[in-house]
Amino acid sequence: MSTERGRLWLWRAVSAVALVVIALGVATSNAWETPEPPPEIPYERPAVAALIPSVDDIEQAVGRPFVLTAAGPPIGTRYTSMTPWALDTREALLVGSWRENFDALDAVSSLEVNVFEYTNRASAERGERICPADAGESDAQLRIGQFAQGPGVTYYCAEILHDRTSVSMTLALVPEVPETDALAGLRSLMESLPVEGSEDLPWGADVRRVQISMYKAWLTGLFLVAAFATLPSLFFDRATWLRLGNRFRRRRALTGRVDIEPRSRVIAARTRGLALVKFAVLVWVVRYTERDGWGIYASLGLLLAAYVVCLVVERQLTRRWTRIAPKPFFRGTAWGWIVAGLAACLVGFFIAVAVWGFGTMLASGAPAPGQPVWSSQRFGRVLQVLAGVVLALSFLPLAMARRLASRHVRGAADDRARVLLLRSFVDQNVRMRSRRLDRSSIIDHIAMRRWERFEEVVASTLTKVGEVVTAATPGERLPPGLGAARIQFTHEEWQQRVTDISEESSFIVMILGRSESMVWEMTRLQELGHLQKSIFLLPPLTGSERTRRLNFLADVYGVSRDRLVASPGRTVLAVAFPSQLDEPVVFESAGPDDISYDVAIDHAMAILLRADVATSREPVRTPALERLDYIPSGMAKPPKTWKSNPWIWNAILSIGIVNLAIPYIVGDPLGESEFRQIVPPADGDRFTAVASGGGTDTFAVIEHTLLVHVDFEDGAAELVGEMPFPTKRVAIGTERAFLASPDAGEVVAMELATGDVAWRVPVPGRARSILADGDSVYVAVPATGEVLRLDAADGHTLATAKPGGAPWDLVGGEQGLGAVIVDEDQYVALDGLSLEEYGRADTMDAPVEVGLYGGRPAVMSSVAGVIEGTDPNGTPMRLFLTRSDSQFTADGDILAVAGVERLTVKDASGSIRRFNTDGQPGPGMRVVPGTGIVISETGRLEILRVFG
């Protein structure tokens, strides 16, 4: 006992040391390193932005007044995303990048300038190229020409690449402007750029964020694999809970009992200690790959190699300690099937590795074609989980190969005496949690196979002394892959064959059941005098069933039930009769786990070998069947345990994972789809704008020319009429829609009922913003610096105001009219009837949009990258923009901003909700009172029901 206790504490000390080593490896890992924080918003203007021409230079080159309306990083998630992949990529490839947008006050043209400073010329040549190679003139450094035609607008581009610096310009003009003038203006701007030569810089910053993400994925993956391999099986393991309960019961030893718990604890501690040592080795292998910066697949290969080496060493040590090496179950031609199964397992393994590597890249923010980054990241995390599932299922080919190979070992010759295993056919699929992992193959280890059939556990122990054989199940086409070798019997010969094999067997092991056939087998063993080499095992079933089977054994042999009952705090595992029937030896432990069964069988065989087998046979007592708690032939049913048929639970689990994973990937993880309704346009057309106004009705524009009424409940769009010119500036009144032409300089009223034009009036200059409010239509004309009030009935001018500067956007409310002056950085309040000014306030640089939030104006500046205003509680509010082309709308108690693949909504209480989007919302977001927020996105129309 003292030796066992010493070994127990030795292995506990090994476990404690391994835990310390694991904790040290995790605590010192680079996975917890804090990388340089991402750039703060609003963004800092980089040095390369000095190449962007000034407003004066643009006005001189193009010949008309311009104003700066947007500034920030270039458009695209690669320049604005804060994922580890995007941040590392920008730091590795770019020194700086910037975009500024200039709009002409007369709405005739706009100019977008993008500048990029790369770390080296090779990166610059592979970098962003806005101007196509076939766009007009092109040489080694400069491209210039026309490259696109849109509704009422022509696009020209110019791009220059000098060493590692790239500058591109996109000029949008109305068709009336001659092409020669447009190209001359672009060429003049390009030639004035102060671009200087520069040498290549070292290859960007170290990709620390992606590496840190990978390190976290490695360590998290190790712990998740360990948890997945341990916790679920531990939770459903009956022995674990029974052992835990027996710890609180008072122990009292009974006569005739062999307590194998001390030995079982030593082996369990040894198994646990070796597992923790293996885990510590894997953790420090990850630490080693961190130090030398190994890639994903190289790191995984090293981890696998280290794990296999640990398994081989563990197996050799275990065989040395046990001093008995079980002979292989498969021999000869059976190995062909095993090799084929192993090859298929390796294919599954490498598929799992590839899926995990691809998922890791996506999870760190690597973009996927046609998908938003957030969706790619979610898909990457799902792939990482899926890789674990594939890895866990990779042992299935080997399991099938084992079953096919088992057909070649039925009754195969062995130079050792046989061991006969008797059991009820209904018990052959009883499963138990595997603690002692040295029985499993390396593939089983990698695939985290943690449940074994009870027959496999028993046969593995008995293989040490001889070949284990058992009767094949009637009608069995493929025997189980592991366990006892099958011998086929007919119904007529089975009793004689069992008698013959029992005579030549060194041991007979019976898994106790309660069938009528087992009554005959137990009686026959007594008749033949084979009880001195027989071991009776109680399978790991429920406590009540185990008690019934133990009582069944006592009743068949006429033994007092009290002689077989377990000691308090212990569970009976096996019974043997080495000498007399009235002197049974009961083997017990704290719980029916696989290690305890191994020890119980070893102890039982040792006691039987030492027993006096020459003892005279006792008179055979034939039990009366009517007094036995037996199950008649053909009436036995498999024990009720989910582990006997786990495929049902696997199917339920798979369906649950799919139902959770798909909404998670598409952006509706918590039933968010209930708040989202989508209307796709017909015939491949696209929604290009959302009309302002309309009350609770929603109107939109398709392909810049068709005005439609949208019904989100029916998911349909009803045509109102074809607009007389392409436009995205549409305001909805009570019975009419009002359209502002971006190039013809006129305002048109269109009947909502018929689609007919009610009136059209010219506007000096070109309207930038249009607003319908009751019987008035308000128009902002930056070119003339005017705000017009038109009669909604016939279009004649009711009032005119010149607030000073260029009015850019309008908003209407109960207190009158508001306008932002883009070139004066001011907000002006006007009377709704007379347009007389009654208030003025300074704003941020270049205010371009205004809305009402809580009855107060909220102003957006794409140059300053901020929305300023006051929330409904009267608290000053500042929202920073992640994109220089962000969309913004505010109406009543709702304010909404479209950022990088995200829509942020601020409600009346000031709380914020965020919705994922597929990319860049189109123009004309609007709030539908009492319903939600309407946006046009990727050509479709979408409403987010954020109210209620």
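Residues numbered from 1 in each chain as written. Predicted model: local features only at pLDDT ≥ 70, side-chain atom pairs only at ≥ 80, totals over all residues. Heavy atoms only, no water.

Under the annotation held in an unreviewed UniProt entry, the chain carries the name PQQ-binding-like beta-propeller repeat protein and is attributed to Nocardioides kribbensis.

Visitor: For this particular structure, what's the right way to read the overall build of the chain?
Guide: If you tally the helices and strands in the chain, you get 20 helices and 46 strands. Here the chain, with 948 residues, has 52% of them falling under the buried criterion. With an accessible surface of roughly 42100 Å², the chain has 57% of that area assigned to carbon and sulfur atoms. (Helix = DSSP H or I, 4+ residues; strand = E, 2+ residues; numbered from the N terminus. Buried < 20%, exposed > 50% of the residue type's maximum accessible area, 1.4 Å probe, protein only. Areas by Shrake-Rupley, 256 points an atom, 1.4 Å probe, with all protein chains shown as cover.)

Visitor: Whenever I open this one, the packing of helix α15 (residues 454-462) against helix α19 (residues 594-610) confuses me. Can you help?
Guide: For any two helices packed against each other, one specifies the crossing angle of their axes together with the interaxial distance. Across the interface, α15 lies against α19 with an axial gap of 10 Å and an inter-helix angle of 40°. Here α15 is positioned oblique relative to α19, judged by the angle of their axes. The chirality of how α15 crosses α19 is right-handed. Judged by residue contacts, F454, V457, V458, T461 and L462 of α15 engage D594, Y597, D598, I601, D602 and M605 from α19. Considering only residue class, the contact of α15 with α19 consists of seven nonpolar, one polar and three charged. (Axes fitted to C-alpha atoms, helices over the stretch in contact; angles between N-to-C directions. Parallel < 35°, antiparallel > 145°, perpendicular 65-115°, else oblique. Left-handed = near helix turned anticlockwise from the far one by under 90°. Contact = heavy atoms within 4.5 Å. Nonpolar A, V, L, I, M, F, W, Y, C, P; charged D, E, K, R; others polar.)

Visitor: Sorry if this is basic, but what is going on with helix α16 (residues 494-504) here?
Guide: Since one α-helical turn is 3.6 residues long, residues separated by three or four positions face the same way. Regarding α16, the residues found buried are W494, V498, T499, I501 and S502. Those residues of α16 that are buried lie in contact with β9 (419-423), β12 (468-471), β13 (485-487), β14 (507-511) and α17 (516-528).

Visitor: Looking at this model, I keep getting lost on the UniProt feature "transmembrane region" (unreviewed entry) in the chain. Mind explaining?
Guide: Here the UniProt-annotated "transmembrane region" (unreviewed entry) positions come out as residues 217-241, 294-313, 334-359, 379-400 and 647-666. Secondary structure over residues 379-400 splits into 91% helix and 0% strand, and the C-alpha atoms at its two ends are 31 Å apart. (UniProt positions renumbered as here; feature names shortened; annotations may be inferred.)

Visitor: So what exactly am I meant to see when it comes to the environment of E456 here?
Guide: With respect to the secondary-structure elements, E456 resides in helix α15. Exposure remark for E456: the relative accessible area of 9% places this residue in the buried category. In the structure, E456 is positioned 24 residues away from M432 in sequence and 9.9 Å away in space, judged by C-alpha atoms.

Visitor: What exactly am I supposed to notice about the pattern of salt bridges here?
Guide: Opposite charge on two side chains lets them pair, provided their charged atoms get close. Using the criterion set out here, one finds 29 salt bridges in the structure. Across the pair E455 and R486 runs a salt bridge, and its minimum N-O distance is 2.4 Å. Of this pair, E455 sits in helix α15 while R486 sits in strand β13; the two residues are 31 residues apart in sequence, bridging distant segments of the chain. No difference in accessibility class separates E455 from R486, as the two residues are buried. The structure contains a network of salt bridges with shared partners spanning R243, E261, R265 and D593. (Salt bridge = Lys/Arg side-chain N within 4 Å of Asp/Glu carboxyl O.)

Visitor: How should I be thinking about the sheet that holds strand β40 (residues 887-891) in this particular structure?
Guide: Whenever strands of a sheet pair, they do so through backbone hydrogen bonds, lying parallel or antiparallel. The strand order across the open sheet built from four strands is β40-β41-β42-β43, with neighbouring strands paired in antiparallel fashion. Two strands in the sheet have a free side with no partner beyond their single neighbour: β40 and β43 (912-916). When strand polarity is set aside, the average angle formed by the axes of neighbouring strands in this sheet is 15°. Both strand β42 (residues 902-906) and β43 contribute to a ladder of five bridges, which runs antiparallel. When the bridges of β43 are listed, T904 appears paired with R914. (Pairing = 2+ DSSP bridges.)

Visitor: Explain the sheet that holds strand β28 (residues 769-773) here, please?
Guide: Taken in spatial order, the four strands line up as β28-β29-β30-β31 in an open sheet, and their pairing is antiparallel. Both outer strands of the open sheet, β28 and β31 (797-801), are each paired with one neighbouring strand and no more. When the angles between neighbouring strand axes are averaged without regard to direction, this sheet yields 15°. Inspection of the sheet shows strand β30 (residues 786-791) paired to β31 by four bridges, in the antiparallel sense. What sits directly across from L788, in β31, is T800.

Visitor: I would appreciate a short explanation of the packing of helix α2 (residues 55-62) against helix α6 (residues 179-191) in the present structure.
Guide: Here α2 crosses α6 at 145°, and the two axes come no closer than 8 Å. Every pair of crossing elements has a handedness; the one defined by α2 and α6 is right-handed. Of the residues in α6, those touching α2 at D57, I58 and A61 are G185, S188 and L189. Across the contact of α2 with α6, the residue classes break down as three nonpolar, two polar and one charged.

Visitor: What should I look at first to understand the environment of S506 in this one?
Guide: Looking at the element boundaries, S506 is found in the loop between α16 and β14. Among the residues examined, S506 registers a relative accessible area of 27% and is labelled partly exposed. Residues S506 and A417, 89 residues apart in the sequence, show an inter-C-alpha distance of 5.7 Å.

Visitor: Any chance you could explain the packing of aromatic side chains here in plain terms?
Guide: Think of a pair of aromatic rings as described by two things: how far the centres are apart, and how the planes are tilted against each other in angle. Per the stated rule, a full pass over the model turns up 10 aromatic pairs. Measuring from centroid to centroid gives 5.6 Å for Y79 and F116, while their planes differ by 45°, and the two rings are tilted. Here F116 lies in strand β3 (residues 109-118) and Y79 lies in helix α3 (residues 77-80), a separation of 37 residues in the sequence. Accessibility assignment for this pair places Y79 and F116 in one class, buried. Residues F738 and W759 carry aromatic rings whose centres are separated by 5.9 Å and whose planes lie at 40° to one another, so their mutual orientation is tilted. (Phe/Tyr/Trp six-rings, centres within 6.5 Å; stacked < 30°, edge-to-face > 60°.)

Visitor: Even after reading the chapter, I still don't get the pairing of strand β35 (residues 837-842), so can you show me in this structure?
Guide: The two faces of the sheet receive side chains in turn, since in a regular strand these alternate between them. Of the strand pairs in this sheet, strand β34 (residues 826-830) and β35 are connected by five bridges, and their pairing is antiparallel. Across the sheet, the residue bridging to Q826 is D842, located in β35. Between β34 and the antiparallel strand that follows it, β35, lie six residues; L835 among them carries a positive phi value of about 65°.

Visitor: Before we go on, may I ask you to explain the pairing of strand β15 (residues 534-537) in this structure?
Guide: Alternating positions in β15 separate into two faces, S534 and F536 on one and I535 and L537 on the other, with burial throughout. Bridging between β14 and β15 involves four bridges; their strand directions are parallel. By the bridge assignment for β15, I508 is matched with S534. As paired elements, β15 and strand β16 (residues 571-576) share three bridges and run antiparallel to each other. Counterpart to L537 in the pairing with β16 is A574.

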